[in-house]
Amino acid sequence: MVEWTDFERATIQGIFDKMEYEVVGPAALCRCLVVYPWTQRYFGNFGNLYNAAAILANPLVAKHGTTILHGLDRALKNMDNIKATYAELSVLHSEKLHVDPDNFKLLSDCLTIVVAAKMGADFTPDVQAAFQKFLSVVVSALGRQYH
């Protein structure tokens, strides 16, 4: 079980309280698909992903980015048991979708970059440490079925 300090809990909650889901989610997923083009193979049914402009303009990418970000709400509400919270999602991604578990880390890195850009100077090293700890626990939970 992960131990959370009061500062970490408050910081993570504060980030999500101010989160513009419909902006941040799509931006993070778009960044991931552009920077790591091999991740596009899981989105073959999303249509045109041939270049950065097409990815940024793709409404299915935007919608899924928002869905992913809202999926983190489950972890936020269950911070003391994130692994169990994501057990079914881990099975889905490993056994049905066959997603490379390394992609969860790539997406979490892209999300961190987008959040940092949005928060600016408020994204201090302590805030980043709390946010990345949270994301690393989520990534671990999503990759649990692969082990």
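Residues numbered from 1 in each chain as written. Predicted model: local features only at pLDDT ≥ 70, side-chain atom pairs only at ≥ 80, totals over all residues. Heavy atoms only, no water.

Caption draft 1: A look at the packing of helix H4 (residues 59-77) against helix H8 (residues 125-142). Axis separation between H4 and H8 bottoms out at 11 Å; the angle between their running directions is 100°. Taken as axis vectors, H4 and H8 run roughly perpendicular relative to one another. Facing H4, whose interface residues are Leu72, Ala75 and Leu76, H8 presents Phe134, Leu135 and Val138. The class makeup of the residues in the contact of H4 with H8 is 6 nonpolar, no polar and no charged. (Axes fitted to C-alpha atoms, helices over the stretch in contact; angles between N-to-C directions. Helix = DSSP H or I, 4+ residues; strand = E, 2+ residues; numbered from the N terminus. Parallel < 35°, antiparallel > 145°, perpendicular 65-115°, else oblique. Contact = heavy atoms within 4.5 Å. Nonpolar A, V, L, I, M, F, W, Y, C, P; charged D, E, K, R; others polar.)

Caption draft 2: The side chain of Thr39, seen in detail. Mapped onto the elements, Thr39 comes out in the loop between helix H2 (21-35) and helix H3 (52-57). Of the residues examined, Thr39 reaches a relative accessible area of 4% and is grouped as buried. A distance of 2.7 Å separates a polar atom in the side chain of Thr39 from the backbone oxygen of Tyr36. Apart from the residues within four sequence positions on either side, Thr39 is in contact with Cys32, Leu33, Asn103 and Leu106. (Buried < 20%, exposed > 50% of the residue type's maximum accessible area, 1.4 Å probe, protein only. Polar contact = N/O pair within 3.5 Å; in protein donor to acceptor, adjacent residues only side chain to side chain.)

Caption draft 3: Inspection of H4 at higher detail. Taking 1.5 Å per residue, 19 residues should reach 27 Å; H4 reaches 28 Å between its end C-alpha atoms and fits that length. Residues of H4 that are buried: Val61, Gly65, Thr66, Leu69, Leu72, Asp73, Ala75 and Leu76. All buried residues of H4 project into a common sector of 165° when viewed along the axis, lining one side. Residues of H4 that are exposed and point more than 90 degrees away from the buried face comprise Pro59, Lys63 and Lys77. Elements in contact with the buried residues of H4: helix H1 (6-17), H2, H3, helix H5 (82-85), helix H7 (102-119) and H8. (Expected span 1.5 Å × (residues − 1). Arc of directions from axis to C-beta.)

Caption draft 4: The packing of H1 against H8, seen in detail. In the contact formed by H1 and H8, the axes pass within 9 Å of each other and the chain directions differ by 85°. One finds that H1 runs roughly perpendicular with respect to H8. On H8, the residues that touch Phe7, Glu8, Thr11, Ile12, Ile15 and Phe16 of H1 are Asp126, Val127, Ala130, Phe131, Lys133 and Phe134. Along the lines of polarity and charge, the residues of the contact of H1 with H8 split into 8 nonpolar, 1 polar and 3 charged.

Caption draft 5: Molecular detail of the pattern of salt bridges. With the rule as written, the count across this model stands at 3 salt bridges. In this structure, the salt-bridge partner of Arg9 is Asp80, at a minimum N-O distance of 2.5 Å. Placement of the pair is Arg9 in helix H1 and Asp80 in the loop between H4 and H5, with a sequence separation of 71 residues. Linking Lys105 and Asp109 is a salt bridge whose minimum nitrogen-to-oxygen distance equals 2.7 Å. Here Asp109 and Lys105 lie together in helix H7, a separation of 4 residues that amounts to about one turn. Residue Lys105 is classed as partly exposed on the basis of its relative accessible area of 40%. (Salt bridge = Lys/Arg side-chain N within 4 Å of Asp/Glu carboxyl O.)

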